[in-house]
Amino acid sequence: MNELRPWPPGQRPRPDFPRFGLTQYAARFPRDASSRRLQVGGAVELPLDLEDATSGLTRVEQVSDFHCVTTWSCPGLRWSGFRMAELLPRLQQQARAHPQSKWLLLRAQDGYRNALLLEDLLAPDVLLADRLNGEPLTVAHGAPWRLVAPAHYGYKSVKHVKGLDFSVEAPALKPAWLRFMNHPRGRVALEERGRGLPGWLLRGLYRPLVVPTAAYFKRALATAGRSG
Ligand SMILES: Nc1nc2c(c(=O)[nH]1)N[C@H]1C(S)=C(S)[C@@H](COP(=O)(O)O)O[C@H]1N2
Ligand SMILES: [Mo]
């Protein structure tokens, strides 16, 4: 879009910001969308259960583009939250994370999970967000907390975050086909869409899924009587 936010290869802008994901998560919702509690575990000496992990941190606002691996992108989203670069070192210290930790697994209230390199999470545009476009996050977009990692495909931006697990090795995701779809880094600039197949090929396989998947997610939200 501009020099600071270059438009990545193979992406097309979409005017709305659809609720989206793997269809088996469409009808799963957070158990408690108002609980800001975060569990910190994995390769740590002192697992934590924090009522307010971000207290004392600086709230930041940022405008960034959101890029789903299936090729739709939503430009110019205004997020508010806290920098992982500020939160993570604090948690690492408090929980006494293993000094060789290289990965963080984010666990969500709907059962979804994904992992990023700690190094990637320390980028200044990676947030743990609780507000979008001036409003509290809705259930549709990830209440109570969601990761925002604009340089990575949307599947890394875990919604309804409830737990953060440090790890020395790359965590293995289940089921196996998710392992295949998920690229360990998932950087949009390098078109790291998935494992095994080149990004440009996956574009063509994913593109026909965008419209039906967005419609499916919208229906599931309405059926559950949740707010969009
Ligand atoms: N908890 C959870 N986080 C998730 C998903 C999900 O199904 N559950 N889907 C991922 C995918 S594939 C995308 S593209 C984005 C979609 O975010 P949105 O629904 O706010 O558009 O959320 C990501 N994070
Ligand atoms: Mo996605």
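Computed from a prediction, not measured in an experiment: that's the story for all the values here.

So, on to the layout of surface pockets. In this model, the largest pocket occupies a volume close to 590 Å³. Every residue lining the largest pocket is counted, 34 residues in all, and those nearest its centre are Phe 20, Gly 21, Leu 22, Tyr 112 and Tyr 155. Here the lining of the largest pocket is composed, by residue class, of 20 nonpolar, 10 polar and 4 charged.

As a matter of local geometry, ligand 1 sits amid 21 residues, with Pro 18, Asp 110, His 141, Arg 146 and Lys 159 nearest to it. Between ligand 1 and Asp 110, the relevant distance is 2.8 Å, taken from a nitrogen atom to a side-chain nitrogen or oxygen of the residue. Ser 157 is positioned with one of its backbone polar atoms (N or O) 3.0 Å from a nitrogen atom of ligand 1. If ligand 1 stood free it would expose 530 Å²; the protein chains cover 98% of that surface. Grouping the amino acids of the shell around ligand 1 by side-chain chemistry returns 12 nonpolar, 5 polar and 4 charged.

Time to look at empty space enclosed by the protein. Within this structure, the stated rule accounts for 1 cavity of 30 Å³ or more. Considering only enclosed or pocket space, the largest cavity measures out at about 50 Å³ in volume. Taken together, Ser 64, Asp 65, Phe 66, His 67, Trp 79, Val 148, Ala 149, Pro 150, His 152, Gly 154 and Ser 157 make up the lining of the largest cavity. Partitioned by chemical class, the residues of the lining of the largest cavity number 5 nonpolar, 5 polar and 1 charged.

Pairing analysis gives 2 bridges linking strand E1 (residues 12-13) to strand E5 (residues 72-83), with the strands arranged parallel. Of the residues in E5, the one forming a bridge with Pro 13 is Ser 73. As defined by bridge partners, strand E4 (residues 59-67) adjoins E5 across 8 bridges and the pair is classed as antiparallel. When the sheet's bridge partners are listed, Arg 59 is paired in E5 with Phe 82. A loop of 4 residues connects E4 with E5, the two strands running antiparallel in sequence, and Thr 71 in this loop sits at a positive phi of about 95°.

In total, this model carries 13 salt bridges according to the counting rule given. The partner of Arg 36 in a salt bridge is Asp 130, with the nearest N and O atoms 2.9 Å apart. Of this pair, Arg 36 sits in the loop between E1 and strand E2 (38-42) while Asp 130 is found in strand E8 (residues 127-132), placing the two residues 94 residues apart along the sequence. In this structure Arg 36 comes out as partly exposed when scored by relative accessible area, which is 32%. Take Asp 130: its relative accessible area is 7%, and that puts it in the buried class. The partner of Glu 192 in a salt bridge is Arg 187, and the shortest N-O contact between them spans 2.7 Å.

Parameters at a glance
Residues numbered from 1 in each chain as written. Chains lettered and ligands numbered in written order. Predicted model: local features only at pLDDT ≥ 70, side-chain atom pairs only at ≥ 80, totals over all residues. Heavy atoms only, no water. 1 Å grid on protein atoms, 1.4 Å probe; cavity = no way out; pocket = protein on both sides within 12 Å on 5 of 7 lines; lining within 4 Å. Points joined across faces, edges and corners; volume = space filled by probe spheres on them. Nonpolar A, V, L, I, M, F, W, Y, C, P; charged D, E, K, R; others polar. Near = heavy atom within 4 Å. Polar contact = N/O pair within 3.5 Å; in protein donor to acceptor, adjacent residues only side chain to side chain. Areas by Shrake-Rupley, 256 points an atom, 1.4 Å probe, with all protein chains shown as cover. Pairing = 2+ DSSP bridges. Helix = DSSP H or I, 4+ residues; strand = E, 2+ residues; numbered from the N terminus. Salt bridge = Lys/Arg side-chain N within 4 Å of Asp/Glu carboxyl O. Buried < 20%, exposed > 50% of the residue type's maximum accessible area, 1.4 Å probe, protein only.

Everything listed here is a matter of geometry and, on its own, says nothing about what the molecule does.
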